[in-house]
Amino acid sequence: MFDDEERAELIVKEYGFNFDVIKKNDIISLIEQELCNKNRNGNMTLRVLCFYLFCLGDINDVHILEKAKYSSFDAGCMIDGEWIDILRKTDNESERQSLIQKTTNELKSYFRIC
């Protein structure tokens with residue numbers, strides 16, 4: 001059994017950062033599974049999955065990000081509210097891309113991925 005950080009790292013290594021090929025339904029399904037996991041021992045996996053959903057850039061998914069963010073106090077601290085705010089804007093692509101790059105670099109550094 002993997003702990004939360006190990007699961008998050010496995011997801012990052014499996015899906016990578018090529019957001020053009022990541023299947024949104026896979027990410028949504030994984031978020032739903034994570035939210036139903038009563039034995040969740042952290043929120044890094046949920047953070048990574050929500051970041052991926054943010055990167056896919058569909059305003060229709062804001063409610064999923066909000067559901068995850070407000071699922072617990074700790075999740076609320078881990079899931080960036082700016083992702084929700086940026087997705088709601090219609091003229092946000094450069095701001096969104098900048099945040100994607102910044103957070104991608106942070107995750108690569110955190111998980112020591114080149």
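Sequence order sets the numbering: in each chain, residues are counted from 1 along the sequence as written. The predicted origin of the model limits local features to residues at a pLDDT of at least 70 and limits the giving and counting of side-chain atom pairs to 80 or more, whereas totals for whole chains, interfaces and linings rest on all residues. To obtain the side-chain values, all non-hydrogen atoms of the structure were included, while hydrogens and water were left out.

1. Here's the deal with the overall build of the chain
Here's step 1: In terms of regular secondary structure, the chain is built from seven helices and zero strands.
Here's step 2: For the radius of gyration, the atom set is restricted to C-alpha positions; the globular benchmark scales as 2.2 Å times the number of residues to the power 0.38. Taking 114 residues into account, the globule formula puts the C-alpha radius of gyration at 13 Å, and the chain, at 13 Å, falls close to it.
Here's step 3: Judged by the C-alpha coordinates and their principal axes, the chain covers about 40 × 30 × 25 Å.
Here's step 4: Only heavy atoms enter the contact rule, under which two residues are in contact if any of them lie within 4.5 Å. Within the chain, counting contacts between residues at least 6 apart in sequence, those at least 24 apart form 69% of the total.
Here's step 5: Positive and negative side-chain charges in the chain, numbering 15 and 21 respectively, have mean positions lying 1 Å apart. Starting at the N terminus, helices and strands are each numbered in turn, a helix being any DSSP run of H or I of at least four residues and a strand any DSSP run of E of at least two. His is not counted, nor are the chain ends, whereas Lys and Arg count as positive and Asp and Glu as negative. By convention, the point assigned to a charge is CZ for Arg, NZ for Lys, CD for Glu and CG for Asp.

2. Thoughts on the packing of aromatic side chains
Here's step 1: In this analysis, rings of Phe, Tyr and Trp, with Trp reduced to its six-membered ring, are considered paired at centre separations within 6.5 Å, and the interplanar angle assigns stacked below 30 degrees, edge-to-face beyond 60, and tilted for intermediate values. By the definition in use, this model includes nine aromatic pairs.
Here's step 2: Judged by centre distance (5.7 Å) and plane angle (90°), the rings of Phe19 and Tyr52 are edge-to-face. You can see Phe19 sitting in the loop between helix H1 (4-15) and helix H2 (24-36) and its partner Tyr52 sitting in helix H3 (residues 44-56), a full 33 residues away along the chain.
Here's step 3: According to the relative accessible area criterion, Phe19 is buried, its value standing at 14%.
Here's step 4: Throughout, exposure labels follow a simple rule: accessible area from a 1.4 Å probe, protein chains only, divided by the maximum for the residue type, with under 20% read as buried, over 50% as exposed, and the rest as partly exposed. Taking relative accessible area as the criterion, Tyr52 reaches 0% and is therefore assigned buried.
Here's step 5: Through pairs of rings, three or more aromatic residues link up here, namely Tyr15, Phe17, Phe19, Phe51, Tyr52, Phe54 and Trp83.

3. A look at unusual backbone geometry
Here's step 1: Look at Arg112: it is not a glycine, yet its phi comes out positive at around 50°.
Here's step 2: Its location among the elements puts Arg112 in the segment after helix H7 (93-110).

4. Structural notes on the pattern of salt bridges
Here's step 1: What counts as a salt bridge is simple: a side-chain nitrogen of Lys or Arg found within 4 Å of a carboxyl oxygen of Asp or Glu. All told, the structure shown has 10 salt bridges when counted by the stated rule.
Here's step 2: Close ionic contact of Arg7 with Asp4 constitutes a salt bridge, the shortest N to O distance being 3.5 Å. Residue Arg7 and its partner Asp4 are located together in helix H1, separated by three residues, close to a single helical turn. By the burial criterion, Arg7 is buried, and Asp4 matches it.

5. Quick notes on the nonpolar core
Here's step 1: Remark: nonpolar core denotes a set of buried residues (Ala, Val, Leu, Ile, Met, Phe, Trp, Tyr, Cys) joined through side-chain atoms within 4.5 Å. Within the largest apolar cluster, 35 residues are counted, with the highest numbers of intra-cluster contacts made by Ile31, Val48, Phe51, Tyr52 and Phe54.
Here's step 2: Those elements that place two or more of their residues in this core are H1, H2, H3, helix H4 (62-69), helix H6 (81-88) and H7.
Here's step 3: The element that contributes the greatest number of residues to this core is H3, accounting for 10 residues.

6. Some details on H6
Here's step 1: For H6, every residue scored as buried is listed here: Trp83, Ile84, Ile86 and Leu87. Down the axis of H6, the sector holding all buried residues measures 170°, keeping them to one side.
Here's step 2: On the buried face of H6, the contacting elements are H3, H4 and H7.
Here's step 3: Whenever a nitrogen or oxygen atom comes within 3.5 Å of another N or O atom, the pair is scored as a polar contact, on the condition that within protein one atom can donate a hydrogen and the other can accept it, and that pairs from neighbouring residues in sequence are kept only if both atoms are in side chains. Its side-chain oxygen at 2.8 Å from the backbone nitrogen of Glu82, Asp80 defines the N-terminal cap of H6. Working definition: the arc comes from the directions between the helix axis and the C-beta atoms, pointing outward to the latter.

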